[in-house]
Amino acid sequence: MMKTSIVGYPRIGSLRELKFASEKYFRGEIDETELQSTAKELRLQNLKEQQESDLDFIPSNDFSFYDGMLDTAFLLNAVPARYKELGLSVLDEYFAAARGYQGEKGDVKALAMKKWFNTNYHYMVPEIDDNAEIKLSGNKPFALFSEALENGVKTKSVIIGAFTFLALARYTGTKSKEDFAEATANTYIDIINRLSELGAEWVQFDEPYLVRDLTDNDIAFFKKLYNKILAKKNGVKILLQTYFGDIRDCYHEVTALDFDGIGLDFIEGRKTPELVKTNGFPKDKLLFAGVVNGKNIWKNNYSKTLNILNELKNQNIDFVVGTSCSLLHVPYTLKNETKLSDVYKKHFAYATEKLTELAEIKKILESENPLETAEYKANAKLFAQPRSGENTTIKEKVNALSEKDFTRLPEFSEREKIQKERFQLPLFPTTTIGSFPQTAEIRKTRAGFRKGEVSETDYENFLKEKIEGCIRLQEQIGIDVLVHGEFERNDMVEYFGECLDGYLFTEKAWVQSYGTRCVKPPVVWGDISRAKPMTVKWSSYAQSLTDKPVKGMLTGPVTILNWSFPREDISLKESAYQIALAIREEVLDLEANGINIIQIDEAALREKLPLRRSDWNSEYLDWAIPAFRLVHSGVKPETQIHTHMCYSEFADIIEDIDNMDADVITFEASRSDLTILDVLKAKNFRTEVGPGVYDIHSPRIPAKEEIKAALGKMLDRIPAKKLWVNPDCGLKTRGNEETIPSLENLVAAAKEIRMTIL
Ligand code: GLN
Ligand code: ZN
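Now for a look at the structure at hand. (Residues numbered from 1 in each chain as written. Chains lettered and ligands numbered in written order. Predicted model: local features only at pLDDT ≥ 70, side-chain atom pairs only at ≥ 80, totals over all residues. Heavy atoms only, no water.)

## With respect to the site of ligand 1
Link 1 in the chain: Near ligand 1 lie 13 residues; those nearest to it are S435, E486, D601, H644 and C646.
Link 2 in the chain: At 3.2 Å from a nitrogen atom of ligand 1 is found a main-chain nitrogen or oxygen belonging to I433.
Link 3 in the chain: Interatomic distance of 3.1 Å between a side-chain N/O atom of H644 and an oxygen atom of ligand 1.
Link 4 in the chain: Starting from 300 Å² of accessible surface for ligand 1 in isolation, the protein chains cover 93%.
Link 5 in the chain: Among the residues making up the shell around ligand 1, the classes are represented as six nonpolar, four polar and three charged. (Near = heavy atom within 4 Å. Polar contact = N/O pair within 3.5 Å; in protein donor to acceptor, adjacent residues only side chain to side chain. Areas by Shrake-Rupley, 256 points an atom, 1.4 Å probe, with all protein chains shown as cover. Nonpolar A, V, L, I, M, F, W, Y, C, P; charged D, E, K, R; others polar.)

## Structural notes on the side chain of S324
Link 1 in the chain: For S324, the position within the fold is in the loop between β14 (319-323) and α13 (342-345).
Link 2 in the chain: Residue classification places S324 among the buried positions, given a relative accessible area of 2%.
Link 3 in the chain: From its side chain, S324 meets the backbone nitrogen of G294 in a polar contact 2.9 Å long.
Link 4 in the chain: Contacts of S324, omitting those with residues within four sequence positions, involve T242, Y243, D265, I267, G290, V291, V292, N293 and G294. (Helix = DSSP H or I, 4+ residues; strand = E, 2+ residues; numbered from the N terminus. Buried < 20%, exposed > 50% of the residue type's maximum accessible area, 1.4 Å probe, protein only. Contact = heavy atoms within 4.5 Å.)

## Regarding helix α2 (residues 32-52)
Along an α-helix, residues three or four apart share an orientation, since each turn contains 3.6 residues.
Link 1 in the chain: Its 21 residues place the ends of α2 30 Å apart at the C-alpha level, agreeing with the 30 Å of an ideal helix rising 1.5 Å per residue.
Link 2 in the chain: Here α2 has its buried residues at L35, T38, A39, L42, R43, N46, L47, E49 and Q50.
Link 3 in the chain: Buried residues in α2 make contact with α1 (17-26), β2 (59-60), α5 (90-99), α6 (140-150) and α14 (351-366).
Link 4 in the chain: Looking at the residues trailing α2, positive phi occurs at D54, about 75°. (Expected span 1.5 Å × (residues − 1).)

## Structural notes on the sheet that holds strand β19 (residues 551-555)
Link 1 in the chain: Sheet architecture is open: five strands sit in the order β19-β20-β21-β22-β23, paired in parallel fashion. With one partner strand each, in any of the chains shown, β19 and β23 (688-691) form the two edges of the open sheet. In this sheet, neighbouring strand axes are inclined to one another by 20° on average, regardless of whether the strands run parallel or antiparallel.
Link 2 in the chain: Across four bridges, the pairing between strand β21 (residues 640-645) and strand β22 (residues 664-667) is parallel. Bridging from a neighbouring strand, H644 pairs with T666 of β22. (Pairing = 2+ DSSP bridges. Axes fitted to C-alpha atoms, helices over the stretch in contact; angles between N-to-C directions.)

Put into structure tokens, the structure is as follows:
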């Protein structure tokens, strides 16, 4: 009998019910009983769906009010005293750690939040201080196991594993993870015992940290933890679940331990098939084969999947068919996509549809003649059809690219001279990152236009008025390089996606990003091309109003791709190059229309660096950096190219950033300790730089002296002629009340520093 399993299921509700209920609870509009009952309803709904789809290993405890790491911290009693001291209810203490608390009982900040491996999901970083006492506290996995059991399902309880938990936690005192190993292992034994008492048959420990580059010490630490835990299984079978890659550094050690099942990722784990093939897989264990992609929205290709599974069969390996990772990272169900045509939808599988796929694969595998089953044939037919979005012209263009298309001439220092001559900017030129405050009026008018309540002419006139206001404001403040304000944009990716052929937009494909927040990434459906000019009208209008240079403002190909659901039938590189060619057309169009400075934002470039350092170049940077170069290599020497990144944690790829060959880069530096500047200096960074002089994520107005001090520190490390002065990101989330005085102080600070240098 073939069996199926999923690593986890989305929990926010198919119409984001949990989000809305939680936010009501935060606002005090409903009480805990009501929130709990919504949560229970959603869990039972998920359970029912999974039961009806004939799934064998149904997970529990994959539900969370906020985040699974935070749940685990509470389960292990790894909760900083500042939250406990508030004296709140258990749930409110949990939310205080998740979101911060400000009220009659105190004022505490939330735990830090970080990206969950290579996904756009963010987890709460547990904080462990020297006084932390790791022990079993809380009841959630047990309560949820019992709840499912009462509803007729003996679930596989899902918990983040000890190794990943300790590896991702932050240690705020002098102790390290080693000091907590013993207590943590004991607590996991207690967890197993409690589940055993309740009648559990399987427990799943998620250990995604195993797919990273591991040192010998890491592996020894993993063995130490699990040798201890696995010595006390108490009749419960333990599934070690890995995902987001392969476990090439520890395959031997992991398979030698006394696990009953091991979950391997056959989608992102490039080396998984090879590891299994060359090293074999123990006969006494079940291999949970992650063959259905938990991160993307495309239908599974059964022919490819059968190839993988047949290989396992040939090796006489006992396996379960499963997803590559939790389905948390895909939207719920296609049933809610009522507007999208079936032409597209028939290629899609969200979480619910992936359950169906697992059932179909099971059926196919169990059949005498797999290739003759109706399910297999229908799938093969779908994949044999050409995709409607094909554009041979674009394909040929990408194929014909050669070195010169990626090379801007003349080289940097030559251009720098030409541009200094042309723009005659003062030392320490001031600028902003692009967007200006998106007031309620702007959002409302844009929404009205989208709904058809505001006519196109009225909307255009409204935007022109806003642009003019923005230009006058910047002139008044005395900024040197102006922007148009980005009032026409909802979002820096969606806006461009909507203007590009080949993109699709969904109605309800929400994916949890963190806590109650979800994002709705657009889908790269076909070959990408520029359908029409996207920004030329707004930028050239803005430039027509002033003698100062106005920056054209675009989003770069890597960021557009990283914040979309990518295709699986062509490589990321090919998609990135297609998008790059489309943005390149826009760049050249802006240049032809009198825009002399063009900024191409790559906010998300750092984000998708592979988890293993050894893959950074071959898997990513080797196409991501050229994709950016392709966008701007065709401009004239006197046109100045800027880029912007939202973080400064790129010390380790600094040479690649320089290799993007932009003329100027602006980035966030105000919140970090400026160590990045030391690296710039050490590496002789060539590109001119605008490290943000104040933090736009906070409503604070930075004083002139504060900005001068920041500039002083920058000047210790950056040659004066390379330094720009700007905020650290776009201003769209801020109000005018704080933006105007902040920029006035910024300009005043730059002016005063100029005087001291002269
Ligand atoms: N140009 C964009 C803006 O100013 C950049 C946004 C970003 O970096 N996230 O809003
Ligand atoms: Zn930014």
